[in-house]
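Secondary and tertiary structure notes
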Amino acid sequence: MVNKIEDRIKNVMSAVFEIPADSIDDDSSPESIESWDSLKHMNLVVTLEEEFDITLNDDEIFEMINYPFIKLIIAKYSGQL
Amino acid sequence: MTVRNLKYSEILKRNSDFAKLLSDTGYEIKVLSNIVTSQLNEILEYTLRVDAIPAIVKSGDYDNIVQDSLKYQNSNVIIIFLELSNIVDGLQFKIELLNDDQLDEILEKTKSEIDLVLKNFEKTSLILINKFTSIHFCSSNIMKNNLEELADQLNQYLEMRIPENVRLVDLEKVIANVGVEKSLDLRYYYSSKALYTVDFFKAYAEHVKPFFMSANGKAKKALIFDCDNTLWKGILGEDGFDNIEMSPKTKDGAIFYEIQDMAISLNKQGILLGLCSKNNPADVDEVINSHPDMQLRNKHITINKSNWSNKVTNLKEIAQDLNIGLNSLVFVDDSSFEVNMIREQLPEITVLQVPERLYNYPKMLRENIGLFYNLSFTAEDRKKIKMYKQQVKRESVKKEFTDIEDYLASMELKMTIHQDDKSIIPRMAQMSQKTNQFNLTTKRYTEGDIKNFIKNEESMIFAISVSDKFGDSGVTGLCIINFHDEIQSAEIDTLLMSCRIIGRNVEYVFIDHIIDMMKGKKVNVVKAKYIKTQKNEQVKEFYDKCSFSLTESTDSVRNYTLDINNYEPKQLNYIEVINGK
């Protein structure tokens, strides 16, 4: 189950940033992913929301600044990570 | 599977797979908007690529509809997404306090912009304009307010005004299909001027798809019906001539009555009708010729394949006989067996199945009516336009813009220059960190850095705020200069503008002012550079346009020098310059 959620997050990030899912790791952030700009961040938010059927709040959106944080935030909702 | 059932991430994935198959010459669609609609681009691309239209959808500059109408005349299709609530920033609440004159001014300004844009796109083959809507902000209002009134007046104007290459998109229908609540994501409206959800964009893409199908010769041309339980209730061969139902007087008959009526109406619009059913041909003929409740008669039916051969063979023959492609056919049948067989063996044909809950049958057909949509301008359209034209004859002389300068002049632009202004340090730092597109060097500075530039005797930092007659866009431009007094030269370290004010030629007035100031400080030579990033292609030649000379150019950097005596100011007198603090 653990892996499944991580895989789903990676899948979403891969689709949004147009990078291979297996290139995403704990260092993935706007610094390492060139296409991660403010518009793409908006896409990331709505895609994650759609994927996990959740609504993120402003603070969470602001805090999603790298892959580990995204995992933490999604985990809050799923309680399974 | 329609786009509406796919997750956005799935659409992005499949779309990038499609992208690999595209050749260079795509079908170019430009979305010009005064709000952020970038999520529409890939959704619409995917929606069209599924049907082999090699769509490449790109957004114009934010809130630059008029300016972009000069740039994209050669696109295949233009979509104009002019959002009512952002015609003037915050219009949805400001409008209720405006007086009649102010309301009139907004109305006239918008009409003139529409006119200018349509004039510029005169030769473009297809332009889709969204009708105005206030539904997001007014769906629970009992009384009609100013925003609704403005939407009505603008829509009336659009209906009257549209030339032959323009089609209107009824946004309220799209919003109704999704639901007001699910259409809007207000989080991003206040922070980023994005208003709509991906669910809305999926529905929008589906809604406008027929325009593109028709423009690419992919509209369906013929509607072919099975007979038993598709055109009438019952099985002719078993129940007999007297017992099949299609009379409006019986519960189920009424549904088939409605279906036949819809078919006839499509036929009147030029859609060919045909039959493909397993029946004795003579029996079917008898119903067509003499059943009292049958509405479809021989004059409506172009082709009739009622026989005992299999339907795959029959449908192929129908396409051949009508001399149209299989992909121009829509086939309706009630049997899952037949439906699946055709879908499998003739995937080019669009197959519709009579729903199990019969009362949904007319609704299902109605939802698919877009398949037959034809762009061509009908006599009916002409009549309607004439009617509107008479209705609006009272329309008095309205200001018409002759060109872009004239348009910009009408905006009453004012640029306020702030020099070394400590009170806006956070905003200046923020701009340097966030601005990507109009940013010549993309150097990122903290508040501390900015403070140092202000303190330092050898540098100056300028910010501009821009306003027009409808409002103030705040501090939206920045320029940092380092002076080397001993050699009478200066260097432009940073020059950037927020995308909110691009397209108003403010940048040239800003540069004019800066050079003027340098002259006052006895500078002889100005150095400047363009450093390439992924985002700032649009300013690659900015300094060339400002009479700087290119001294050195590599793939990533362009170095410029200006002999200050050679500077040719643009002197755009329609932008008033105010010296702030």
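Cut-offs applied
Residues numbered from 1 in each chain as written. Chains lettered and ligands numbered in written order. Predicted model: local features only at pLDDT ≥ 70, side-chain atom pairs only at ≥ 80, totals over all residues. Helix = DSSP H or I, 4+ residues; strand = E, 2+ residues; numbered from the N terminus. Rg over C-alpha atoms; globule rule 2.2 N^0.38 Å. Buried ≥ 20, exposed ≤ 12 C-beta atoms within 10 Å, placed from the backbone. Contact = placed C-beta atoms within 7 Å. Nonpolar A, V, L, I, M, F, W, Y, C, P; charged D, E, K, R; others polar. pLDDT = per-residue confidence, 0-100. Pairing = 2+ DSSP bridges. Axes fitted to C-alpha atoms, helices over the stretch in contact; angles between N-to-C directions. Domains from an automatic or database assignment. Parallel < 35°, antiparallel > 145°, perpendicular 65-115°, else oblique. Left-handed = near helix turned anticlockwise from the far one by under 90°. Core = buried A, V, L, I, M, F, W, Y, C linked by C-beta atoms within 7 Å.

Okay, the overall build of chain A next. Scanning chain A for helices and strands turns up 4 helices and 0 strands. Mapped from its N terminus to its C terminus, chain A presents α and β elements in the order α-α-α-α. Rg of the C-alpha trace for chain A: 11 Å, near the compact-globule value of 12 Å for 81 residues, within the 12% margin. Each principal axis of the C-alpha distribution contributes one length, and for chain A these read about 30 × 25 × 20 Å. The proportion of buried residues among the 81 residues of chain A is 27%.

In this section: the interface of chain A and chain B. Frequently, the measure chosen for interface size is the accessible area removed from exposure when the parts meet. Facing the 15 residues of chain A at the interface are 15 residues of chain B. Every element with two or more residues in the side of chain A that touches chain B is listed here: helix 1 (2-17) and helix 2 (38-52) of chain A. No other element matches helix 2 of chain A, which puts 7 residues into the side of chain A that touches chain B. Here the side of chain A that touches chain B is composed, by residue class, of 6 nonpolar, 3 polar and 6 charged.

Looking at chain A as a whole, the pLDDT averages 89, with 93% of positions reaching at least 70. No element of chain A has a lower mean pLDDT than helix 1 of chain A, which averages 89, and none a higher one than helix 2 of chain A, which averages 92.

Residue and element names in this part refer to chain B. Strand order in this open sheet of 5 strands is 8-7-6-9-10, and the pairing throughout is parallel. The strands lining the two open edges of the sheet, one partner per strand, are strand 8 (301-307) and strand 10 (350-353). Between one strand axis and the next, the sheet turns by 20 degrees as a mean value, whatever way the strands run. Sheet analysis places strand 6 (residues 222-225) next to strand 7 (residues 272-278), joined by 4 bridges and oriented parallel.

Right, let's get into the sheet that holds strand 1 (residues 27-33) of chain B. Residue and element names in this part refer to chain B. With parallel pairing, 5 strands are arranged side by side in an open sheet as 2-1-3-4-5. The open sheet has two edge strands, strand 2 (55-59) and strand 5 (166-169), and neither has a second partner. The sheet shows a mean angle of 20 degrees between the axes of neighbouring strands, taken without regard to direction. Packing against the sheet, helix 11 (residues 198-215) makes contact with strand 3 (77-81), strand 4 (126-130) and strand 5, and its axis sits at approximately 170 degrees to strand 4.

For the rest of this paragraph, the subject is the domain arrangement of chain B. You can read the domains of chain B as domain 1 (3-215), domain 2 (222-368) and domain 3 (411-579). Measuring from the centre of the C-alpha atoms in domain 2 of chain B to the corresponding centre in domain 3 of chain B gives 69 Å.

With that settled, the discussion passes to the packing of helix 20 (residues 425-434) of chain B against helix 21 (residues 447-455) of chain B. Residues and elements named next belong to chain B. Contact pair helix 20 / helix 21: the axes reach a minimum separation of 8 Å and the direction vectors enclose 115 degrees. Considered as vectors, helix 20 and helix 21 are oriented roughly perpendicular to each other. The two elements helix 20 and helix 21 meet at a crossing, and its hand is right-handed. Together, I425, P426, M428 and A429 of helix 20 and E447, I450 and K451 of helix 21 make up the contact between the two elements. Split into classes, the residues belonging to the contact of helix 20 with helix 21 amount to 5 nonpolar, no polar and 2 charged.

Turning to the packing of helix 2 (residues 38-49) of chain B against helix 11 of chain B, a few remarks are in order. Residue and element names in this part refer to chain B. Two numbers describe how helix 2 lies on helix 11: the axes approach to 9 Å, and their chain directions differ by 45 degrees. By the angle between their axes, helix 2 is oblique relative to helix 11. As for how helix 2 packs across helix 11, the hand of that crossing is right-handed. Along its contact with helix 2, which presents Q39, L40, I43, L44, T47 and L48, the element helix 11 presents V198, F201, K202, Y204, A205, E206, K209 and F212. Classifying every residue of the contact of helix 2 with helix 11 gives 9 nonpolar, 2 polar and 3 charged.

Residue and element names in this part refer to chain A. As for its placement among the helices and strands, V45 is situated in helix 2. Taking C-alpha positions, V45 is 6.9 Å from I61, a pair spaced 16 residues apart along the chain. Beyond its immediate sequence surroundings of up to four residues, V45 is in contact with L56 and I61.

Quick look at the nonpolar core now. All names here are of chain B. Among the nonpolar cores identified, the biggest contains 117 residues, and I80, I224, L315, L329 and F331 are the most heavily contacted of them. The biggest single contributor to this core is helix 11, with 9 residues. A domain-level breakdown of this core finds at least three residues from each of domain 1 (3-215) and domain 2 (222-368). Once residues within four sequence positions are removed from consideration, I224 is found in contact with G274, L275, C276, L315, I318, L329, V330 and F331.

Do not read the fine detail of predicted coordinates wherever pLDDT is low. Residue and element names in this part refer to chain B. For chain B, the mean per-residue pLDDT works out to 90, and 96% of the residues sit at or above 70. Considering only residues more than four positions removed or in separate chains, one finds that residues 388-398, a stretch of pLDDT under 50, has 7 contacts. The ipTM for the predicted assembly is 0.85, set against a pTM of 0.77.

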